[in-house]
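What follows is the residue order along each chain.
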Amino acid sequence: MDGLIEGADGLHRCKWYGGLEDYRIYHDEEWGWPVTDDQRLFEKICLEGFQSGLSWLTILRKREGFRAAFAGFDFNKVALFGDEDIARCLADAGIVRHRGKIVSTINNARRAIELKAEFGSLAAYFWRFEPKPEARPLRCDRATLSQITQSAESVALSKDLKKRGWSFVGPTTVYAFMQAMGLVNDHLEGCCRRAPLKNTALHSRVLWLFQADLQDCCPRIFRDREALAEAVPGAATPRRAPVFPDETGRLALSSPQGGHFQRRTFSASGSNRRLVLRKM
């Protein structure tokens, strides 16, 4: 199959993993799976900036070094970096020693704090740029994907980030970020990971509630704010309440009540453009 290679386990995977074991693990367990953890989102968009002009495999094999150098990509800590930290990073052979990209990471950490203050989380911001299904190619094959290095959504996200003061976030870099973090599923047709991602995407994406008004922030996910507030007291207030999907598609939503987190189970139905939560 064009664009795929068969592994020792008999499974077909996107050809870019090249039969390398560390790349196989990244392909199978990370690339394209929806991510809503702010620290992972910040790490990835920074590392995509470091990748510019290099291969992702180079960055992947230095990732632990990057994590050590940048406080695990905790943007609250990185935002406090100063000249001594820049000098330390420039002397660190475990990372890509590019002064502009190091300074950019510190700058972006400060911008990430601002973004979180405005939207409640980085996830709440980034997932606003998830493409509509009709904007995606009908078939995800090698010929189609070879023509896609950016999209209308990655251009819009890049433009908005730059307006907010972020750097090293061009539309091609941002599209690679969207691919890796699951905002788009670019595993090829026939790849062993494409179908699992397609089948779990609806429920995997409902991993967060925003700290702002739910109806305004994500009408795709919560169409009936009042019903949600009635079913889960406190969920529609300006605070974060995690949602935990399971393999059956049921969602256990934790809501603050009486100083504790209580779990409520819901079922999900509809397409990823309209999700309806019903109390079980």
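Okay, so let's go over this structure.

Cut-offs used in this document
- Residues numbered from 1 in each chain as written.
- Predicted model: local features only at pLDDT ≥ 70, side-chain atom pairs only at ≥ 80, totals over all residues.
- Heavy atoms only, no water.
- Salt bridge = Lys/Arg side-chain N within 4 Å of Asp/Glu carboxyl O.
- Buried < 20%, exposed > 50% of the residue type's maximum accessible area, 1.4 Å probe, protein only.
- Core = buried A, V, L, I, M, F, W, Y, C linked by side-chain atoms within 4.5 Å.
- Contact = heavy atoms within 4.5 Å.
- Helix = DSSP H or I, 4+ residues; strand = E, 2+ residues; numbered from the N terminus.

**Quick word on the pattern of salt bridges**
Next up, step 1: Across all of its chains, the model carries 18 salt bridges by this definition.
Next up, step 2: Put simply, D160 and R164 hold a salt bridge, and the shortest N to O gap is 2.8 Å.
Next up, step 3: You can call D160 buried: its relative accessible area is 15%.
Next up, step 4: Among the residues examined, R164 registers a relative accessible area of 25% and is labelled partly exposed.

**Observations concerning the nonpolar core**
Next up, step 1: F42, F66, F70, F126 and L161 are the most contacted members of the largest nonpolar core, which has 52 residues in total.
Next up, step 2: Leave out the neighbours within four places in its chain, and F126 touches L41, I45, L157, L161, F177 and L183.

**Brief notes about unusual backbone geometry**
Next up, step 1: Its identity is not glycine, yet F73 carries a phi of approximately 60°, on the positive side.
Next up, step 2: In this structure, F73 sits in the loop between α4 (63-69) and α5 (75-78).
Next up, step 3: Among the residues examined, F73 registers a relative accessible area of 0% and is labelled buried.
Next up, step 4: Residues other than glycine seldom take positive phi values, yet F168 does so here, at roughly 55°.
Next up, step 5: Among the structural elements, F168 can be located in the loop between α10 (152-163) and α11 (171-180).
Next up, step 6: For F168, a relative accessible area of 36% corresponds to the partly exposed category.

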